[in-house]
Amino acid sequence: MPSRRLHFALKGLLRIFARPMKSDSGRGGPVVHPYRGYGTNREAFLMGRVFRQVGLARVIPRRGALRDAADVTRRLARRGFADAEVRIRLGDNSATVTTDHDGYFDVRLPLDIPLDEHVSWHRAELEVITADRDNVLSRADVYIPPPHTDLMVISDIDDTVMYTGVADKLRMLYRLFVEKAHRRTAFPGVAELYQALHAGTAGDLRRPILYVSRGPWSIYEVLEAFFQLNHIPVGPILFLREWGISWRHPWPRRAEDHKYDLITQMLTLFDTLPCVLIGDSGQHDPEIYTRIVKENPDRVKTIYIRRVDRKPDREAAIARLREEIEHTDCELLLSDDSAAMAAHARDRGYISETGLEAVRQASR
């Protein structure tokens, strides 16, 4: 019944918006939300946000719709903690930064003292210094590819890893904000494909897989849960963006060249690694990726585009883009399924025969 579905949708939406407020157990005060970091053996990057949020009265129950509603109210009322001092330690390297007027901090940490090169994920310790309360402690994982890594994978998320219906804006918003992580649809074989790309032909390459999304930072936790539930290799989901939604500015800030700029930055940072780009045909991924190939003809080796519709005009446009880069070493493959991408990746030496078979089995 429509009214019943609406009721459950609203409850789901309430839970999603309340979730980020649960970490302080209702006490209020300053809280820090760090995001996964990334880097090389030369430097590491980490970002996050410090909030100042109100506490809950003791009469509010610990669980239930009333608690969720109260947490959503707290979320609307919270503000970024400006000028907070954040200390970061990664191994024996450290830095101190100050949050901006919205509470964000962005750290570039030179690694003067090397980290263990046999470990890909490192643990950073964070401490927020406050004048009127105890210091706030947190941790964040930082990914640094091992020295023998031979390839970097940069992937879109929306309609590439999971179905979000980008072409249908209302459906996309429902899937992003309402559906629980375990109900979000992963494309068949996508987990096995990304596992195979991460492992490489030798099975131990631990290649970096960096994920890009047009979604806001508020869905970060949901995306993490989705990746874990579907056994998709977790990389730094570092390319979300701040939509800037508020009562005064109710619509997201525009994000022209968002994906282009970030991919270009990653090519500069990981300057020794060739790259594979994965996206979908629903938006502008083929155009963005083709532009990047033209500017970096020796770096991008393959573009995989998942076909999300069969509109003749769109198919013709992608075919023209494929022709535009035929003179480079990069191939553009438009495919309906993960198995075709995996077969191409095996032929190009990106994944093993075992990896290909795993994708084929999962795609049936």
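Owing to the predicted nature of the structure, the values given are computational and were not obtained by experimental measurement. (Residues numbered from 1 in each chain as written. Predicted model: local features only at pLDDT ≥ 70, side-chain atom pairs only at ≥ 80, totals over all residues. Heavy atoms only, no water.)

### Quick look at the overall build of the protein chain
Each helix and strand counted, the protein chain has 10 helices and 15 strands in total. By the burial criterion, 51% of the 364 residues in the protein chain qualify as buried. Long-range pairs, those at least 24 residues apart, make up 69% of the contacts in the protein chain with a sequence separation of at least 6. When the accessible surface of the protein chain is totalled, it reaches about 18,100 Å², and 52% of it is carbon and sulfur. (Helix = DSSP H or I, 4+ residues; strand = E, 2+ residues; numbered from the N terminus. Buried < 20%, exposed > 50% of the residue type's maximum accessible area, 1.4 Å probe, protein only. Contact = heavy atoms within 4.5 Å. Areas by Shrake-Rupley, 256 points an atom, 1.4 Å probe, with all protein chains shown as cover.)

### Concerning empty space enclosed by the protein
Under the definition given, this model contains 2 cavities of 30 Å³ or more. Every residue along the wall of the largest cavity is listed here: A44, F45, L46, I88, L90, V107, L109, A124 and V142. Put simply, the parts of the chain that give the lining of the largest cavity at least two residues each are strand 3 (43-53), strand 5 (85-90) and strand 7 (104-110). Of all the elements, strand 3 adds the most residues to the lining of the largest cavity, at 3 residues. (1 Å grid on protein atoms, 1.4 Å probe; cavity = no way out; pocket = protein on both sides within 12 Å on 5 of 7 lines; lining within 4 Å. Points joined across faces, edges and corners; volume = space filled by probe spheres on them.)

### Brief notes about the side chain of R49
Looking at where R49 falls in the secondary structure, it is placed in strand 3. There is a polar contact of 2.7 Å between the side chain of R49 and the backbone oxygen of D102. (Polar contact = N/O pair within 3.5 Å; in protein donor to acceptor, adjacent residues only side chain to side chain.)

### Concerning the packing of helix 7 (residues 285-295) against helix 8 (residues 312-324)
If you want to describe how two helices pack, look at the angle between their axes and the distance between the axes. Put simply, helix 7 and helix 8 touch, their axes get as near as 10 Å, and they point 5° apart. Regarding the angle of helix 7 to helix 8, the classification is roughly parallel. Residues P286, E287, T290 and K294 of helix 7 lie in contact with helix 8, whose contacting residues are R314, I318, L321 and E324. Considering only residue class, the contact of helix 7 with helix 8 consists of 3 nonpolar, 1 polar and 4 charged. (Axes fitted to C-alpha atoms, helices over the stretch in contact; angles between N-to-C directions. Parallel < 35°, antiparallel > 145°, perpendicular 65-115°, else oblique. Nonpolar A, V, L, I, M, F, W, Y, C, P; charged D, E, K, R; others polar.)

### Notes on the pattern of salt bridges
Counted according to the given criterion, the structure contains 16 salt bridges. With a closest N to O distance of 2.7 Å, R207 and D150 form a salt bridge. Here D150 lies in the loop between strand 9 (136-143) and strand 10 (152-156) and R207 lies in the loop between helix 4 (190-199) and strand 11 (209-216), a separation of 57 residues in the sequence. The salt bridge partner of D336 is R310, with a shortest N-O separation of 2.6 Å. Pair noted here: D336 is in the loop between strand 15 (331-335) and helix 9 (338-347) and R310 is in the loop between strand 14 (300-306) and helix 8, with a separation of 26 residues, a long-range link. (Salt bridge = Lys/Arg side-chain N within 4 Å of Asp/Glu carboxyl O.)

### Re the nonpolar core
Of all hydrophobic cores here, the largest spans 30 residues; its most connected members are Y194, L197, Y211, I232, Y350 and I351. For this core, the secondary structure elements donating two or more residues are helix 4, strand 11, helix 5 (220-229), strand 13 (275-280), helix 9 and helix 10 (353-363). One finds M152, M266, V293 and I325 within the second-largest nonpolar core, a separate group that totals 26 residues. (Core = buried A, V, L, I, M, F, W, Y, C linked by side-chain atoms within 4.5 Å.)

### Regarding unusual backbone geometry
Across the chain, the bulk of peptide bonds are trans and the bulk of non-glycine residues have phi less than zero. Positive phi, normally seen in glycine, also occurs at D159, with a value near 65°. Looking at the element boundaries, D159 is found in the loop between strand 10 and helix 3 (169-177). For D159, a relative accessible area of 3% puts it in the buried group.

### Considerations on helix 6 (residues 258-269)
In this model helix 6 runs 17 Å from its N-terminal to its C-terminal C-alpha over 12 residues, within 8% of the 16 Å that 1.5 Å per residue would give. Within helix 6, the full set of buried residues consists of H258, K259, Y260, L262, I263, M266, L267 and L269. (Expected span 1.5 Å × (residues − 1).)

### Let's talk about the packing of helix 6 against helix 7
Running from N to C, helix 6 and helix 7 cross one another at 35°; their axes reach a closest spacing of 10 Å. Two packed elements cross with a definite hand, and for helix 6 against helix 7 that hand is right-handed. Side by side, helix 6 and helix 7 meet where K259, Y260, I263 and L267 of the first sit next to D285, I288, Y289, R291, I292 and E295 of the second. When grouped by side-chain class, the residues that make up the contact of helix 6 with helix 7 number 6 nonpolar, no polar and 4 charged. (Left-handed = near helix turned anticlockwise from the far one by under 90°.)

### A look at the side chain of T302
Within the secondary structure layout, T302 lies in strand 14. Relative accessible area serves as the criterion here: at 0%, T302 is assigned to the buried category. A distance of 2.8 Å separates the side chain of T302 from the side chain of Y350, its partner in a polar contact. Not counting residues up to four positions away in its chain, the partners in contact with T302 are C275, V276, L277, C330, E331, H344, R348 and Y350.

### Focus: the pairing of strand 10
Counting buried positions over the 5 residues of strand 10 gives 5, a clear majority of the element. Strand direction decides the pairing type here: strand 10 and strand 13, joined by 4 bridges, are parallel. Within strand 13, the position partnered with S155 by the bridge is I278. Of the pairings in the sheet, the one linking strand 10 to strand 11 comprises 4 bridges and is parallel in character. Note that in strand 11 the partner of V153 across the bridge is I209. (Pairing = 2+ DSSP bridges.)

### Structural notes on the environment of I288
Locating I288 in the fold gives a position in helix 7. Placed 31 residues apart in sequence, I288 and D257 show a C-alpha to C-alpha distance of 8.4 Å. With residues near it in sequence (within four places) discarded, I288 still touches K259 and Y260.

### Here we look at helix 4
For helix 4, the buried fraction is high: 7 of the 10 residues fall into the buried class. Residues of helix 4 that are buried include every one of V190, A191, L193, Y194, A196, L197 and A199, and no others. On the buried face of helix 4, the contacting elements are strand 10, strand 11, strand 13, strand 14, helix 9 and helix 10. Phi for G200, located one or two positions after helix 4, is positive at around 75°.

Fair warning: the whole summary comes from geometry, so function is off the table for now.
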